[in-house]
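One letter stands for each residue in the lines below.
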Amino acid sequence: MTVRKAYQYRIYPDREQEKQFHKTFGCCRFLYNHMLADRMDMYEKTGKMKRLTPAGYKKDYPWLKDVDSLALANVQLHLEAAYRKFLSREKAGHPKFKSKHRSRKSYTTNAVNGNIRFEEGKLRLPKAGLVKIRVHREPYEGYILKSVTVSMDPSGKYYASLLYESPAGENQTARGNTADAGRPQEGCGPKILGIDFAMQGMAVFSDGSRAEYPMYYRGAQDRLAREQRKLSHCKKGSRNYGKQKKILARRYEKIRNQRKDYLHKLSRKIADNYDAAAVEDIDMKAMSRCLTFGKSVMDNSFGMFRTMLDYKLSDRGKVLVRVGRFFPSSKKCSCCGKVKEELRLDERIYRCGCGNCMDRDVNAAVNIREEGRRILMTA
Ligand SMILES: [Zn+2]
């Protein structure tokens, strides 16, 4: 079972941020009302209801691009939910227009790729930047941030409501970033974790989380970069050059150990908690050859992680399933199964006509998990 927890915090936006919030409230209301009107229009004329997306409106109203696009994406979802409620139960009335004065001033945005995070004691929000926040109680450790709703009450106070989800089990988080995305994992059958290789943070999991190197790792890397720069200033073959090389070697060693330690812990946790894991059968050597990583210490992490996971799983009588390398994990919609012809690398959010809208990497990880399940069941 998923446990969801919402924490509401008072936030103190500065003048610019306040402006941005109001702009977003306004844009969301505008979009909601226009989508609703267009749907009603269409229904009157054709008797049909077509799905509308924010993208269509951005062409006609380019200023919609000035606000958080995920907030707009959620407007679509809210309207669809209102319609679903209306169509499924007689009690719920037809969706209503939002009034500038009476309606609640709020918008909801999703946590994707760490776009929303605590930083320097403040809350980083898309488009608004670092907003002053009073955290009167800490969110549960290990819970995953899903979305944030920014609102203003009638007295002019601002709040951020942070929605967290428990990481335990997997049935919950396969849903990705929106409540409707992703196919939930069946209640019975093996518990499988899908793993997608990612350039940033090494791996993304089908439960919506990603491998997160601990903070000290970052620090060590910065120090490494500094020592590397120092070396480049030393004259080759000089005494200082030799000394600096030694320092650098020790730094590398330290990072290698930290990384190994982290990967051991991560793979052990997965092997303990899942019946199987599914990964793409990518050739890491070929990959590191054709990619410019810059950070040579990083490039082998995923391969190492996969190896550790493999033997830790088999130690426990479990399996690591390898999914064929031509399986379209990124292009396939994890909700309806449709495969896109093209998916640009910079499209970080997977959007599908079926309404699915989730983090690109999580979508891929869910596909890998389901393909892994298929392989496991037919084997
Ligand atoms: Zn779809």
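Worth saying up front: this structure is predicted, and the values here are computed from it rather than measured.

A. Spatial organisation of the environment of Ile116. Mapped onto the fold, Ile116 is located in the loop between strand E2 (105–110) and strand E3 (117–119). The class for Ile116 is buried, based on a relative accessible area of 6%. For Ile116 and Leu130, which are 14 residues apart along the polypeptide, the C-alpha to C-alpha distance reads 9.6 Å. Each residue touching Ile116, except ones within four places of it in the same chain, is listed here: Thr109, Asn110, Ala111, Leu123, Arg124, Leu125, Pro126, Leu145 and Val148.

B. Inspection of the packing of aromatic side chains at higher detail. A complete count under the given rule lists 12 aromatic pairs for this structure. Judged by centre distance (5.9 Å) and plane angle (55°), the ring pair of Phe25 and Tyr107 falls under tilted. Pair noted here: Phe25 is in helix H1 (residues 15–46) and Tyr107 is in strand E2, with a separation of 82 residues, a long-range link. The class for Phe25 is buried, based on a relative accessible area of 4%. Take Tyr107: its relative accessible area is 4%, and that puts it in the buried class. Arranged with centres 6.4 Å apart and planes meeting at 70°, the rings of Tyr83 and Phe86 form a pair that is edge-to-face. With Tyr83 and Phe86 both in helix H3 (residues 69–88), this residue pair falls three residues apart, about one helical turn. One aromatic cluster is present, built from ring pairs that chain together Phe21, Phe25, Tyr107 and Tyr158. Over the ring of Tyr83 we find Arg39, and its NZ or CZ is 4.1 Å from the ring centre.

Conventions we followed
Residues numbered from 1 in each chain as written. Predicted model: local features only at pLDDT ≥ 70, side-chain atom pairs only at ≥ 80, totals over all residues. Heavy atoms only, no water. Helix = DSSP H or I, 4+ residues; strand = E, 2+ residues; numbered from the N terminus. Buried < 20%, exposed > 50% of the residue type's maximum accessible area, 1.4 Å probe, protein only. Contact = heavy atoms within 4.5 Å. Phe/Tyr/Trp six-rings, centres within 6.5 Å; stacked < 30°, edge-to-face > 60°. Lys NZ or Arg CZ within 6 Å of the ring centre and 35° of its normal.

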